[in-house]
Amino acid sequence: MLAYLNGQFLPRSTATISVEDRGFVFGDGVYEVWRVVNGRLFESERHLERLEFGLRELRIALAERLSLPTIESIAERLLRESALTTGEATFYVEITRGAAPRAHQFPAAGTPPTVYATVNRLNPPEELRARGASAITMPDIRWLRCDIKTIQLLPNVFAKQAAAERGAVDALMIRDGVVTEGSHANVVGVLDGVIRTHPTNHLILPGITRAIVLDLARGLGVPVSEKPIAERDIPRLEEVFLVGTTTDVMPIVRVDDRPVGDGTPGPITTRLVKEFRAYLDASCAPAHSTS
Ligand code: PDD
């Protein structure tokens, strides 16, 4: 696989950063994951906007603004030279505050950020999606700026690991008695026929897939309420699903070893799985795509 590092394209296996990189030392940086279908980036502008929001919030200044054409040309070359122009893939971008002697305060002004990008094959788990996956619940122990897509992901790693150790696909994180999100996807439920999900604020990542799926649901006439799901209401949920760039719409049919509804993917979830896939394919179709 090819990588892009600070302006250079090189084999990922030979790409190296300094041991003084603040991403390595402090987790001081942001990242973004784009979905790619047949070599075309999905929802480019939204991902770039969120990346720029993160850079602003962390006060990481790039010498030159990362424009959409720049991002897309980097992705295009990485995908082409990594033979990922057909099928499903991801495009990953990470930007840290750069390398400097270890000190908690920001390094000297003008310290160049580290800019890294690469691509990977994605194999969406369609079989699991058809039968539905299971999830666990666990406390959300993260900081209070979860709206920034930072690379400091230890709580997310532990949530995913705990889920994996229990044969589940992810953990539904709980903070102050309500469901916030999963380790790398947003959580959506159906309660009394109404779609419920945590509102976008500092406690969750404002998911791009979440935004699209809520719009698709509204388009289908399904009522949507961006109000958090109370932990005590989990047993009453008729349907649950996860939404994210590497997740798409993933039905959750068991939570903490208890069936959701009748233990199979529900009607609204099943409909949104199809609608989202159609939207993804249409957005990445040659004529439609911006890239
Ligand atoms: N994660 N919540 C969290 C904590 C996430 O890390 C992600 C994405 C999402 C979904 O956002 P989106 O629909 O914009 O991808 C929600 C990426 C895929 C990752 O870390 O791999």
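Refer to the structure presented above.
Numbering of residues starts from 1 in every chain and runs along the sequence as written. Only residues with pLDDT of 70 or above have their local features reported here, since the model is predicted, and side-chain atom pairs are shown and tallied only from 80 upward, although totals for entire chains, interfaces and linings are computed over all residues. Side-chain metrics rest on all non-hydrogen atoms present in the structure, leaving aside hydrogens and water.

Trainee: Hey, could you run me through the nonpolar core in this one?
Mentor: Looking at soluble globular proteins, one finds that nonpolar side chains tend to be buried together. Of all hydrophobic cores here, the largest spans 27 residues; its most connected members are Trp34, Leu51, Ile71, Leu78, Phe91, Val93 and Ile95. Secondary structure elements are defined from DSSP: runs of H or I of at least 4 residues count as helices, runs of E of at least 2 residues count as strands, and each element is numbered from the N terminus. The greatest single-element share of this core, amounting to six residues, is contributed by helix H3 (residues 68-81). Note on contacts: a residue pair qualifies if any of its non-hydrogen atoms lie within 4.5 Å across the two residues. Every residue in contact with Ile71, bar those within four places of it in the chain, is listed here: Trp34, Leu41, Leu48, Leu66, Phe91 and Val93. The definition of a nonpolar core used throughout is a set of buried Ala, Val, Leu, Ile, Met, Phe, Trp, Tyr and Cys residues joined through side-chain atoms within 4.5 Å. Relative accessible area decides the class of each residue, using a 1.4 Å probe on protein chains only: under 20% of the type maximum gives buried, over 50% gives exposed, and in between gives partly exposed.

Trainee: Quick question: what am I supposed to make of the side chain of Ser225 here?
Mentor: One can find Ser225 in strand S12 (residues 224-225). With relative accessibility at 17%, the residue Ser225 sits in the buried group. Beyond its immediate sequence surroundings of up to four residues, Ser225 is in contact with Val194, Ile195, Arg196 and Thr197.

Trainee: Sorry if this is basic, but what is going on with the site of the ligand here?
Mentor: Any residue with a heavy atom lying within 4 Å of a molecule or strand is counted as near it. In the vicinity of the ligand there are 19 residues, among which Tyr31, Glu181, Ile208, Thr209 and Thr245 approach most closely. Contacts described as polar in this section are N or O atom pairs within 3.5 Å, which, within protein, must combine one atom able to donate a hydrogen with one able to accept it, while residues neighboring in sequence count only if both atoms come from side chains. Contact distances for the ligand include 2.8 Å between an oxygen atom and a side-chain N or O atom of Arg50. One of the side-chain nitrogen or oxygen atoms of Thr245 is found 2.6 Å away from an oxygen atom of the ligand. The Shrake-Rupley method, run with a 1.4 Å probe sphere, supplies the accessible areas, and residue values consider only the shown protein chains as cover. Protein coverage of the free-state accessible area of the ligand, which is 470 Å², stands at 92%. The set of elements that each furnish at least two residues to the shell around the ligand consists of strand S3 (29-37), helix H6 (208-219) and strand S13 (239-244). In this classification, the charged set is Asp, Glu, Lys and Arg, the nonpolar set is Ala, Val, Leu, Ile, Met, Phe, Trp, Tyr, Cys and Pro, and all remaining amino acids, among them Gly, are polar. Residue composition of the shell around the ligand, by class: six nonpolar, 10 polar and three charged.

Trainee: Please clarify how the pairing of strand S11 (residues 194-197) should be interpreted in this entry.
Mentor: Looking along a regular strand, one sees side chains alternate from face to face of the sheet. The pairing criterion is simple: DSSP has to find at least two bridges between the two strands. In this structure, strand S10 (residues 186-191) lies alongside S11, joined through four bridges in antiparallel fashion. Among the inter-strand pairings, Val190 is bridged to a residue of S11, identified as Ile195. Both S11 and S12 contribute to a ladder of two bridges, which runs parallel. Across the sheet, residue Arg196 finds its bridge partner in S12, namely Ser225. Looking down the strands as they point away from the viewer, one classifies a crossover as right-handed if the path from the first strand across the helix to the second runs clockwise. On the question of chirality, the crossover connecting S11 to the parallel S12 by way of H6 is right-handed.

Trainee: What's the story with unusual backbone geometry in this structure? I'm lost.
Mentor: Only a minority of non-glycine residues have a phi that is not negative, and only a minority of peptide bonds are not trans. Phi is positive for Arg59, which is not a glycine, with a value near 55 degrees. In this structure Arg59 comes out as exposed when scored by relative accessible area, which is 63%. With phi around 50 degrees, Asp256 is a residue other than glycine that occupies positive phi space. Taking the relative accessible area as the measure of exposure, Asp256 reaches 30% and is therefore partly exposed.

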